[in-house]
Amino acid sequence: MNPEARASFVPLAIVGMGALFPKADQVGAYWANIAKGTDCITEVPPTHWDPGAFFNPDPKAPDQTYSRRGGFLEPVPFNPLEFGISPNNLEATDTSQLLGMYAAAQALRDTGYAPENTSWDRSRTSVILGVTGTLELVIPLGARLGHPLWRKALHEAGVPDAQAEDVVRRIADGYVPWQENSFPGLLGNVVAGRIANRFDLGGTNCVVDAACASSLSAIHLAALELAAGRSDMVVSGGVDTFNDIFMFMCFSKTPALSPSGNSKPFDAQGDGTILGEGVGIVVLKRLADAVRDHNRIYAVIRGLGSSSDGRGNAIYAPKGEGQMRALQEAYRLAEVSPDTIELIEGHGTGTKVGDATELGALTRVFAPEGSDGKRTWCAVGSVKSQIGHTKAAAGAAGLIKAALALHHKTLPPSIKAARPLEDAIPGRSPFYLNPEKRPWVPHGDHPRRAGVSAFGFGGTNFHCVLEEFAPAAAPAAWDGDVQLLAFSAETPEALQNGLLEHVPANLAWTELRDVAARSRAAFDGAKPSRVLIVAQREKTDLVKQLAQAAIFCEQAKASPQGYWASPDAVFVGNGAPAGKLAVLFPGQGAQYTGMLRDLACQFPAFVDVLAEADRAFAARNPGSAPLSEHIYPLPAYDDAAREANEKKLRDTRVAQPALGATGVGALRVLQSFGLRPDALAGHSFGELLALHAAGVLREDALHTLACLRGKLMAEAGEGSGDHGAMLAVQAPLETVQQVLNEEKIDAVLANKNAPQQWVLSGATAQIERAAEAFGRRGVRVLKLPVSAAFHSPLVAAAEAPFRAALSETAVTAPQTAVYANRTGKTYPEDEAAIRKLLATQLSNPVEFLATIQAMHADGARTFLEVGAGGRLTGLVKAILGDGAYLALPLDASSGKNDGQADLARALAALAARGHALNLKAWDAEHQPRDAKAAPAMTVPICGANYRKPRETQAVQQPAPARP
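In this text the structure is predicted, and so the values were computed from the model without any measurement. (Residues numbered from 1 in each chain as written. Predicted model: local features only at pLDDT ≥ 70, side-chain atom pairs only at ≥ 80, totals over all residues. Heavy atoms only, no water.)

**Details of the overall build of the chain**
Counting secondary structure elements, the chain contains 32 helices and 30 strands. The C-alpha radius of gyration computed for the chain amounts to 32 Å, which stays within 12% of the reference 30 Å derived for 963 residues, consistent with globular compactness. Dimensions along the principal axes, computed over C-alpha positions, put the chain at roughly 115 × 75 × 65 Å. Per-residue burial for the chain yields a buried fraction of 58% across its 963 residues. A separation threshold of at least 6 residues defines the contact pool for the chain, and within that pool the share at least 24 residues apart is 79%. (Helix = DSSP H or I, 4+ residues; strand = E, 2+ residues; numbered from the N terminus. Rg over C-alpha atoms; globule rule 2.2 N^0.38 Å. Buried < 20%, exposed > 50% of the residue type's maximum accessible area, 1.4 Å probe, protein only. Contact = heavy atoms within 4.5 Å.)

In structure tokens:
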């Protein structure tokens, strides 16, 4: 048949997901680990096998493995009665079957079709899973059958029969016994069967074995089932909890495991893979049906290609031509071009031959001969770097990762690669390795798309094409790792008692998350007494925080109006708000590559702002890289490349629109929590952001003006041949003026930042003279990395074109007071006066000192810096000195710590001071469990098969010898 005549692919919707992977007991935790680049590989736990007995660094040592690391499932609380299993049968049931049901229940609840709900058609719901061969339970049950060999060996060794029987019994007791349920408990197909049985699903019920491609093979079969109309919904994915010594031995003797103990996909130093366990379940429907039924759709499967390698050198050796056929079929069926794919979740095991073969096949499909093979646009990676190779579940692990990346608009990291393979170096191929997450800003006129590969022994290849659905509909990506506890009361005494009642110090993290959610729901910021605590998983000491809160509450009893805060993220406020809330926006110089990365990756509204800024930047800078790629550049693997990225961002043409984009993005995040400032100001360029926040400028106008302002300021002075320079001086004003007068230096005070912080602007020669003169007097100076002498007559030429652009820009009267840099007073309401004041700001000094003093005089007592870094926070403190006010930055750690934690601290401080916020928006999708519900009787189940506790048999003493 002509390939063009082959059937098309029916698009599928992923409407639900369930996941159990190393260090992740549900989908949210799995995504959190991915996004944060968490390494989930550990030493072999005691539940699995004893490295002391089986580990040997010599790969050729018989019956031993040279690897002792892998990705292992942590125990989950399994209620056997909930899943229709008698506790007595747990030993006879492989954990693949148990945890398969557990994850399937997660996935069905995630769809809204809860297992206990009767409002959906179960008769046309199928279960098709990827499972390899028989299950781990076969190994101990089969081992018990070796007792004739044991007896023979003991007899030949001269061991008396009675003692030999004791030894045989002891060995047999080391393995689970055969019983009535052992046969179904060891069968791979029963992984799917138990799900269909327990949840009463009447469609097709089977498993597929395609080795490490099993889960994508299962999804391939599910797609055919849905396309044929035989099912309306399919529970699919992959299940693999087989990480015992037998599996380690299989991979050791191939040999395929990493001697260094780390899987480094697509890295030049990759030396092998690491084994992992996992259960990944997706619920699939035809896209049209999912849209009709108003399902939440994580991503759309547009095409799925499959192929075999055919004849090769070895049954387990990968073949690039075979992989290419799967890729080409996937893109043909999806009816999309590879140059629209911006993320590849590769098979990427970390083996030298496998990774090189895979990248080679990808490159030949994405950059065929005759194309521009040096254009780089697609991130490539593998979650195996974080969780290991989960074998039958590997394709599902990659599929869920890619679907969540599309859903949350984030390009996820692939860790552990220090030096990429040649085909994954930016500028040399279509692909680059992404070592840290980046916001996924759409490029071109196509939706975000990703590809997922899975390959298996026997030469079986699958590639899946995913596409985003409803780009603007995704909620914030909450991982639960940062919790905001909020309590309010009429008095400090009641507040203290409430803390003791609701927050026991020994809470498990899942319980703390529930307590925090209930506390935010009940919090009333208008009450006189307030306490807020920011807790980070595995980083904060709740006992210490509660003790600090109690101390602050004691202090509050003696003070009707006050605010207390500790470095341990405890915030207590008493009384009404002390004054107005002022928001400040930084200007040029605050920028750094990766600024506000965590917020950009967590809040889709931030990414939407970046996309809008990209469009404005592209219109002003045709042919340039997108603005977002300057802010979040492609990875750099050496200091020179990293410095080159910073230098590009320092260019005024880029820096100002970049600050505009991230400033608006941060503002959108804060507005989602109900932030409503009473006053606004910005430093130099930041004034544009303040005017936008006040409603004077629309967002599109802000981005356009930011690009124009940056271009005009960068080009100012070009006609004279000298753009000028700027010098920061740290000294009292009298000293600065004295030096300028004595040395007859022609420079202006461009930035009046603080009582001892001034910035001079002037001709380059004059600024160099000033630096030398101040240096002789021991005054601290710093030449600023700027392109011109901003806020001086040397940039006056920029005023006219900027004024002309403003005349064509819609402006409205401020809805919130905005304090102007030029005057230190509030902006007028007249539109013409607004335009004039903003235009003349370019070549006139920044009166930041006067601005902050005026805001303080008008009642501002809380100053929040919104944007990159905390420079303005330091200036406010230098201006106001000691006093009853608070100055704090949103980006307190300048990207060094978790941005979500920085955000939580800022919100907690504001709420403690009595400023109105909607704290219910924090971790909004988490539904706390009923605190009064009776706990279920559960058994901890991990990847290793369950064993009942057994008594150790006493040592049998031999009978005394006869005389």
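**Side note on the sheet that holds strand β24 (residues 748-754)**
Pairing in this open sheet of 4 strands is antiparallel, and the strands run β24-β25-β23-β26 from one edge to the other. The sheet terminates laterally at β24 and β26 (780-783), the two strands that pair on one side only. Each strand of the sheet is rotated relative to its neighbour by a mean of 20 degrees, with strand direction disregarded. As defined by bridge partners, strand β23 (residues 725-730) adjoins strand β25 (residues 757-762) across 5 bridges and the pair is classed as antiparallel. Each bridged residue has a counterpart across the sheet, and for Ala728 the counterpart in β25 is Val759. In this fold helix α26 (residues 733-743) packs onto β23, β24 and β25, with an angle of close to 25 degrees to the strand it touches most, β25. (Pairing = 2+ DSSP bridges. Axes fitted to C-alpha atoms, helices over the stretch in contact; angles between N-to-C directions.)

**Describing unusual backbone geometry**
Omega for the peptide link from Thr254 to Pro255 comes to -10 degrees, which places this bond in the cis form. Along the chain, Pro255 turns up in the loop between α10 (245-252) and β8 (278-286). In this model, Lys416 sits at a positive phi of 80 degrees, which is unusual for a non-glycine residue. With respect to the helices, strands and loops of the structure, Lys416 is situated in the loop between β12 (410-411) and β13 (431-433). Here Lys416 falls in the partly exposed class, since its relative accessible area comes to 23%. Of note in this structure, Ser684 is not a glycine but carries a positive phi near 55 degrees. Note that Ser684 resides in the loop between β22 (679-682) and α24 (686-693).

**Some words on the sheet that holds β13**
Ordered by their spatial adjacency, 11 strands build an open sheet running β6-β5-β7-β8-β1-β9-β16-β15-β10-β11-β13, and the pairing between neighbours is mixed. Edge positions in the open sheet fall to β6 (205-208) and β13, since each of these has one partner strand only. In this sheet, neighbouring strand axes are inclined to one another by 30 degrees on average, regardless of whether the strands run parallel or antiparallel. Note: strand β7 (residues 233-240) against β8, 7 bridges, orientation antiparallel. Bridged to Val239 within β8 is Val279. Where helix α3 (residues 95-111) meets the sheet, its contacts fall on β1 (12-20), β7 and β8, and the angle it forms with β1 comes to roughly 135 degrees.

**Notes on the packing of aromatic side chains**
Taken as a whole and judged by the stated rule, the model has 16 aromatic pairs. With a centroid separation of 6.3 Å and an interplanar angle of 80 degrees, the aromatic rings of Trp49 and Phe54 are classed as edge-to-face. On the basis of relative accessibility, which here comes to 5%, the residue Trp49 falls in the buried class. With relative accessibility at 29%, the residue Phe54 sits in the partly exposed group. (Phe/Tyr/Trp six-rings, centres within 6.5 Å; stacked < 30°, edge-to-face > 60°.)

**Let's talk about the environment of Ser624**
Note on placement: Ser624 falls in the loop between α20 (604-620) and α21 (627-631). Look at Ser624 and you get partly exposed, because its relative accessible area is 36%. Between the alpha carbons of Ser624 and Ala701 there is a distance of 20 Å; along the sequence they are 77 residues apart. Sequence-distant contacts of Ser624, defined by excluding residues within four places in its chain, comprise Phe617 and His630.

**Observations concerning the environment of Trp509**
Position of Trp509 relative to the elements: it lies in helix α17 (residues 509-522). On the basis of relative accessibility, which here comes to 17%, the residue Trp509 falls in the buried class. Between the alpha carbons of Trp509 and Gln483 there is a distance of 9.5 Å; along the sequence they are 26 residues apart. Setting aside residues up to four positions removed in sequence, Trp509 forms contacts with Gly480, Asp481, Val482, Gln483, Ala535, Gln536 and Arg537. A distance of 2.9 Å separates a polar side-chain atom of Trp509 from the backbone oxygen of Gly480. (Polar contact = N/O pair within 3.5 Å; in protein donor to acceptor, adjacent residues only side chain to side chain.)

**A short note on the pattern of salt bridges**
Under the definition given, this model contains 44 salt bridges. Note that Asp39 is salt-bridged to Lys416, the shortest N-O span being 3.1 Å. In this pair, Asp39 sits in the loop between α1 (27-36) and β2 (42-43) while Lys416 sits in the loop between β12 and β13, placing the two residues 377 residues apart along the sequence. Counted as one network, the salt bridges with shared partners bring together Arg124, Asp232, Lys285, Arg286, Asp289, Arg292 and Asp293. (Salt bridge = Lys/Arg side-chain N within 4 Å of Asp/Glu carboxyl O.)

**Considering the nonpolar core**
Where a protein is soluble and globular, its nonpolar side chains tend to be buried together. By size, the foremost hydrophobic cluster in this structure holds 100 residues, and its most contacted members are Leu532, Phe603, Phe606, Phe673, Leu864, Leu903 and Trp922. With 10 residues, the single largest contributor to this core is helix α32 (residues 899-912). Leave out the neighbours within four places in its chain, and Leu532 touches Leu484, Leu485, Ala486, Phe523, Ala569, Val570, Phe571, Ala908, Ala911, Ala912 and Leu919. In this structure, Cys40, Ala397, Leu406 and Val452 belong to the second largest nonpolar core, which totals 55 residues. (Core = buried A, V, L, I, M, F, W, Y, C linked by side-chain atoms within 4.5 Å.)

**Focus: the pairing of strand β11 (residues 378-381)**
Burial of the side chains of β11 extends over both faces: Cys378 and Val380 are buried on one face and Ala379 and Gly381 on the other. Note that strand β10 (residues 343-345) and β11 share 3 bridges and pair parallel. Paired with Ile344 across the strands is Val380, a residue of β11.

**Here's the deal with the side chain of Ser382**
With respect to the helices and strands, Ser382 occurs in the loop between β11 and α14 (384-387). Judged by its relative accessible area of 0%, Ser382 falls in the buried class. If near-sequence neighbours (up to four positions away) are discounted, Ser382 is found in contact with Pro265, Phe266, Glu345, Gly346, His347, Gly348, Lys401 and Ser414.

**A short note on the packing of α20 against helix α25 (residues 699-715)**
Interhelical geometry of α20 versus α25 gives an angle of 45 degrees and a closest axis separation of 9 Å. On the basis of their axis angle, the class for α20 and α25 is oblique. For the element pair α20 and α25, the recorded crossing hand is right-handed. Residues Val609, Glu612, Ala613, Ala616, Phe617 and Arg620 of α20 form the contact with α25, whose own contacting residues are Glu699, Asp700, His703, Thr704, Cys707, Leu708 and Lys711. (Parallel < 35°, antiparallel > 145°, perpendicular 65-115°, else oblique. Left-handed = near helix turned anticlockwise from the far one by under 90°.)

**Quick look at α10**
Here α10 lies mainly inside the structure; 6 of its 8 residues are buried. Ile245, Met247, Phe248, Met249, Phe251 and Ser252 are the residues of α10 that are buried. Those residues of α10 that are buried are in contact with α2 (51-54) and β3 (69-70). N-capping of α10 is provided by Asp244, with a side-chain oxygen placed 3.0 Å from the backbone N of Phe246.

**Here we look at helix α9 (residues 214-227)**
For α9, which comprises 14 residues, the first-to-last C-alpha distance of 20 Å matches the rise-based estimate of 20 Å (1.5 Å per residue) to within 8%. For α9, the buried fraction is high: 10 of the 14 residues fall into the buried class. Residues Ser214, Ser215, Leu216, Ser217, Ala218, Ile219, Ala222, Ala223, Glu225 and Leu226 constitute the buried set of α9. Residue Gly229 follows α9 closely and has a positive phi angle near 80 degrees. (Expected span 1.5 Å × (residues − 1).)

**Some details on the environment of Ala644**
In this fold, Ala644 is placed in helix α22 (residues 639-650). By relative accessible area, which is 33% here, Ala644 ends up partly exposed. With 170 residues separating them along the chain, Ala644 and Ala474 place their C-alpha atoms 34 Å apart.

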